[in-house]
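Descriptive analysis of the structure
Each chain, written out:
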Amino acid sequence: RRALTQRGATRTAVPPGGRGMPCSVSGAAPKQDCASLPRPRLYLYPECIGTPPWQAADSARLNWLWLALRKSEYRVTDGACADFFFLSNYRSATKSSERVATLLNKVAAAYPYWNATSRRHLILMPCDHGPGDCMWKRNRAVFTGVPDAANGLPGAAMPFSSPSRRSLGFVTYNGDPGRWNVFAPGLDVRLPSHEMHECGPFCGLHRLPPKARLAALRRHSPWYDGRMPAQRSSREGACASAAASGAWLSAPRRIELFFAGRIPKGGPRGDVFRHHHARERFVLIDSAHERTSSRRVSAASDALLPNRSSRADWFPAAMADSEFCLSPLGTNEGDSDRFLPALLYGCIPVFSLADEARPFEEVLPWDSCSLRVHETDLPRLHTILASISRAQRASMRRAMCGVWPAMLWTRLGFASSRPRGEGYLGESGRADALA
């Protein structure tokens, strides 16, 4: 809500009614008193707008967000009142540029809102590698200077590869402005990872049974003081506890930089390993090859994490003992997801792209609690980190209070061990990702 409000909710006049019904709906939606509705006002196109060939079941990875939007107090049923228009997504093993064009053409033909407000249309993007991963073919011809008509797209000047000209906004996990994601600041919205994501709040805890994961998160996080919001007499959230001003903020941690995950030979992950695998206090673990003859583990890893093979919670324990946590793009430029557990364990996130958009960065103080390092500067990462004083590190951790509650989907009920209505770390959810 806050990210959309930041984009402005000035409504362009939209003609009432439509040019046909998109699916079997009896009667038109009733008119609403627009002035009485809270902002930002969201209009959700019916999921059957694209069938065939799109199916509601294809709304795979973000279907939980679609359901939350349907229940939102900001949802309107009268599109003439809307500030933003949401399209559902599909996920298929077959990438299809034709399906994308089919959906947009059906919307443009059936509703009056597209041509009047195309720059306020958003589509839920289901893939962490961006639109080229599962929405349309990774065909350069689709991306480079081909007229919209040649790609079967409605409206003028809307090639997907040109953020400065693109009209349709993406609601996505990936903030990479290049490659296949083409994130456009001010138009697209980057979301934080959710609980069921591979590296969400319970990242690195997959070896524990579901009921033990929440306990491990709380055990290692400095933000949890054992109390729920109702037990606190004044200020909101876990950041109001003694932990937020405790000695741990400036206390030295044994590990200078931590990363565990797949480490290919190329890309930012490979560059960091190549230049720093022998660096003191740099723990870099290639989880894909750790138990094979191609084992790639930095020299400091075994000394600082000697029991990781037998300890199911070694990953959060390592982050909680690290000054900085690398959050690079994923394999094949997937989303950089390590920032979320890093924040939850008080570890300063290091993004490996200088122009990568961070989740909800229009409204959150990311620059106060994280680093962005250009790819060309990764060889001297140790020098950059060493230049940050103990006082600066403490200040950055304190600033995390303004970010980590907004990275959690506290008010959504996932199928996990977290009791319904209970925060991950004692937060109430009033400042969560939906806020």
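Everything below is about the structure printed above this text.
To start, this report covers the structure provided alongside it. Keep in mind that what you see is a predicted model, and the values were worked out from it rather than measured. (Residues numbered from 1 in each chain as written. Predicted model: local features only at pLDDT ≥ 70, side-chain atom pairs only at ≥ 80, totals over all residues. Heavy atoms only, no water.)

Regarding the overall build of the protein chain
Counting its regular elements, the protein chain contains 13 helices and eleven strands. In the protein chain, of all internal contacts separated by at least 6 residues, the share reaching a separation of at least 24 is 68%. Element-wise, carbon and sulfur atoms account for 52% of the exposed surface of the protein chain, whose accessible area totals about 18000 Å². (Helix = DSSP H or I, 4+ residues; strand = E, 2+ residues; numbered from the N terminus. Contact = heavy atoms within 4.5 Å. Areas by Shrake-Rupley, 256 points an atom, 1.4 Å probe, with all protein chains shown as cover.)

Structural notes on the pattern of salt bridges
By the definition in use, this model includes 19 salt bridges. Between Arg308 and Asp302 there is a salt bridge; the shortest N-O distance is 3.1 Å. For Arg308, a relative accessible area of 6% corresponds to the buried category. Note that Arg372 and Glu361 form a salt bridge whose closest N and O atoms lie 3.7 Å from each other. Of this pair, Arg372 sits in strand β11 (residues 371–372) while Glu361 sits in the loop between β10 (348–351) and β11, placing them eleven residues apart in sequence. Under the relative-accessibility criterion, Arg372 is labelled partly exposed at 33%. (Salt bridge = Lys/Arg side-chain N within 4 Å of Asp/Glu carboxyl O. Buried < 20%, exposed > 50% of the residue type's maximum accessible area, 1.4 Å probe, protein only.)

Notes on the pairing of strand β5 (residues 169–172)
For a regular strand, side chains alternate in direction, first toward one face of the sheet and then toward the other. Alternating residues of β5 divide into Gly169 and Val171 and Phe170 and Thr172, and every residue in both groups is buried. Alignment of strand β4 (residues 121–124) against β5, held across three bridges, turns out to be parallel. Bridging across to β5, Leu122 finds its partner in Gly169. Here β5 runs beside strand β6 (residues 189–190); their pairing, made up of two bridges, is parallel. Within β6, the position partnered with Thr172 by the bridge is Arg190. (Pairing = 2+ DSSP bridges.)

Quick look at the pairing of strand β3 (residues 84–87)
The alternating pattern of β3 places Phe84 and Phe86 on one face and Phe85 and Leu87 on the opposite face, and all of these are buried. Note that β3 and β4 share three bridges and pair parallel. Across the sheet, residue Leu87 finds its bridge partner in β4, namely Ile123.

A word on helix α2 (residues 63–70)
Turning to α2, its buried residues number three or more, namely Trp64, Leu65, Trp66, Ala68 and Leu69. For α2, the secondary structure elements touched by its buried residues are β1 (42–44), β2 (75–76), β3, β4 and β5.

Considerations on the state of the cysteines
Applying the stated criterion across every chain, the model contains three disulfides. Paired through a disulfide, Cys34 and Cys81 show a sulfur-sulfur distance of 1.9 Å. Taking the sign of the torsion about the S-S bond as the criterion, the disulfide between Cys34 and Cys81, at about -75°, is left-handed. Residue Cys34 is located in the loop between α1 (2–6) and β1, and its partner Cys81 is located in the loop between β2 and β3; the two are separated by 47 residues in the primary sequence. Judged by its relative accessible area of 0%, Cys81 falls in the buried class. Here Cys325 connects covalently by a disulfide to Cys347, the sulfurs 2.1 Å from one another. Because the torsion about its S-S bond is 110°, the bridge between Cys325 and Cys347 counts as right-handed. With Cys325 in strand β9 (residues 322–327) and Cys347 in the loop between α11 (339–344) and β10, the pair connects residues that are 22 residues apart, well separated along the chain. (Disulfide = S-S within 2.5 Å.)

Considerations on the nonpolar core
The nonpolar side chains of a soluble globular protein tend to be buried, and buried together. In terms of nonpolar packing, the biggest core is built from 89 residues, with Phe86, Leu191, Leu257, Phe258, Trp366 and Met407 touching the most fellow members. Setting aside chain neighbours within four positions, we find Phe258 in contact with Val283, Leu305, Trp314, Phe315, Ala318, Met319, Ser322, Phe324, Cys325 and Leu326. Residues Ala82, Phe85, Tyr111 and Met125 belong to the second largest nonpolar core, which totals 23 residues. (Core = buried A, V, L, I, M, F, W, Y, C linked by side-chain atoms within 4.5 Å.)

Regarding the packing of aromatic side chains
Counting across every chain of the model gives 17 aromatic pairs. Each ring, one from Trp223 and one from Trp248, has its centre 5.1 Å from the other, and the planes form 90°; the classification is edge-to-face. With Trp223 in the loop between α7 (210–220) and β7 (255–261) and Trp248 in the loop between α7 and β7, the pair connects residues that are 25 residues apart, well separated along the chain. The class for Trp223 is buried, based on a relative accessible area of 0%. Trp248 gets classed as buried once you look at its relative accessible area, which sits at 18%. (Phe/Tyr/Trp six-rings, centres within 6.5 Å; stacked < 30°, edge-to-face > 60°.)

Thoughts on the side chain of Glu356
One can find Glu356 in the loop between β10 and β11. Engagement of the side chain of Glu356 in a polar contact is seen with the side chain of Ser336, the distance being 2.4 Å. With residues up to four places along the chain from it excluded, the contact list for Glu356 reads Gly175, Asp176, Pro177, Arg190, Leu329, Ser336, Phe351, Glu361 and Arg372. (Polar contact = N/O pair within 3.5 Å; in protein donor to acceptor, adjacent residues only side chain to side chain.)

Some thoughts on the sheet that holds β3
Here we have six strands laid out as an open sheet, ordered β2-β1-β3-β4-β5-β6, and parallel in their pairing. Two strands lie at the open edges of the sheet, namely β2 and β6, each paired on one side alone. The pairing of β1 with β3 spans three bridges and is classified as parallel. Residue pairing in the sheet places Leu44 in a bridge with Phe86 of β3. Lying on the sheet, α2 is in contact with β1, β2, β3, β4 and β5; it crosses β1 at an angle near 120°. (Axes fitted to C-alpha atoms, helices over the stretch in contact; angles between N-to-C directions.)

Structural notes on unusual backbone geometry
Arg39 connects to Pro40 through a cis peptide bond whose omega is 0°. Checked against the element boundaries, Pro40 lands in the loop between α1 and β1. In this structure, Arg281 takes a positive phi of about 70° despite not being glycine. The topology assignment puts Arg281 in the loop between α8 (267–276) and β8 (282–286). A residue is classified by how much of its surface remains accessible, and Arg281, at 28% relative accessible area, is partly exposed. With a phi close to 55°, Phe360 is a non-glycine residue in the positive phi region. As for its position among the elements, Phe360 is in the loop between β10 and β11. Residue classification places Phe360 among the buried residues on the basis of a relative accessible area of 10%.

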